[in-house]
Amino acid sequence: MLVFTYNVDPLYSVLENENLNLRPDKITQGNCQAEILKNALRTEDDYFVAPPELCLTIVVPMQDVMPYFVQWQRYRKYWWSSITTTPSLFTISDIKDIGMTANVNIIANFNWGQKTVETLTIDVKSDTKMSNLKCKMTTDDALITLLLDGLSNRTKEEYLHLHNKIAPYKIALALDYQDSKYYNSLMELAKLIMHKLEAKNISTRCPNMLMPLSLQLKENFQMGVTYTAIIAECTLTDGIFQLLNSSTMLKEHLHLADFESYAALLGGKGT
């Protein structure tokens, strides 16, 4: 489309015909670096360190602080084990006492060495007869730990093995057909299944289904998806399909009518 712009002055600003009031260019504040850095949980060379630590603080009566401390060590270790593929990966360090403070570390034991993923600290306040129980970790350390766990448990095909709680997709779909005349019907069925699962907030992945089944599965495995529903030509007649578990490579047969509720249980959405 051609626009006639002859004798039209260019527009530099929508305010070019307005009078803008300017204030004197004088410094009214400054030299407050120390005050600003007080807002940072961690600093390095006079800079904020991002991301900051995630810290949970619980106020506990002094006489109950040690039972709480021991209980929370076990609880935090269990939490880390519940989101990784290697439950035995984590151990608890010995308690280190420093005056009125004591701390322990939750440690991930990889083949190449140890990594501290979380620190638990108790700080006794003798003047108030109360104590602070703190749990500290960083999102960087958590992400690295989860990825290293997935890599250390990868399959012989070099697939990333993530725990299903943190996998980006809970369920994936794949088509298994020999005759191309079934493709459109299978695709419509796959879209319907995907729509129903996502309506229940179950993240579902649909690869390029024009590829052979082996490549569809490989693509799903590489994304760390634990369960893949394999919809075949026979599914159109009897409603039965195979659900493949990438962790064990075992398949179970399910009916489409039961899949929605079963997938909710697998995705932690069930009751």
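Everything discussed here concerns the structure shown above.
Definitions and cut-offs
- Within every chain, residues take consecutive numbers counted from 1 along the sequence as written.
- Only residues with pLDDT of 70 or above have their local features reported here, since the model is predicted, and side-chain atom pairs are shown and tallied only from 80 upward, although totals for entire chains, interfaces and linings are computed over all residues.
- Only hydrogens and water are removed before side-chain values are computed, so all heavy atoms of the structure are retained for them.
- The secondary structure listing takes helices from DSSP runs of H or I that are at least 4 residues long and strands from runs of E that are at least 2 residues long, numbered from the N terminus.
- In this analysis, two residues are considered to be in contact whenever any of their non-hydrogen atoms come within 4.5 Å of each other.
- Three labels apply to residues, based on accessible area from a 1.4 Å probe with only protein chains included: buried if under 20% of the type maximum, exposed if over 50%, partly exposed otherwise in between.
- Whether two strands pair comes down to DSSP finding at least two bridges between them.
- A crossover gets the label right-handed when its path from the first strand over the helix to the second runs clockwise, viewed with the strands pointing away from the viewer.

Enquirer: Before we go on, may I ask you to explain the side chain of Thr-228 in this structure?
Expert: Assignment of secondary structure puts Thr-228 in strand E11 (residues 227-232). The residues touching Thr-228, leaving out its near neighbours within four places in the chain, are Ala-172, Leu-173, Ala-174, Leu-217, Asn-220, Phe-221, Gln-242, Leu-243 and Leu-244.

Enquirer: What is the right way to read the pairing of strand E9 (residues 171-176) from this model?
Expert: Across a regular strand the side chains alternate sides, sitting on one face of the sheet and then on the other. In terms of residue burial, E9 counts as a mostly covered element, since five of its six residues are buried. In this structure, E9 lies alongside strand E10 (residues 204-205), joined through two bridges in parallel fashion. Bridged to Ala-172 within E10 is Arg-205. Between the parallel pair E9 and E10, the chain is carried across by helix H4 (residues 183-199), and the sense of this crossover is right-handed. In terms of strand pairing, E9 meets E11 through six bridges, oriented parallel. Residue Asp-176 lies in a different strand from E11, and its bridge partner there is Ala-232.

Enquirer: Whenever I open this one, the environment of Met-223 confuses me. Can you help?
Expert: Examined against the element boundaries, Met-223 turns out to sit in the loop between helix H5 (213-222) and E11. Separated by 54 residues in the primary sequence, Met-223 and Tyr-169 place their C-alpha atoms 7.9 Å from one another. Each residue touching Met-223, except ones within four places of it in the same chain, is listed here: Pro-168, Tyr-169 and Arg-205.

In short, geometric facts, not functional conclusions.
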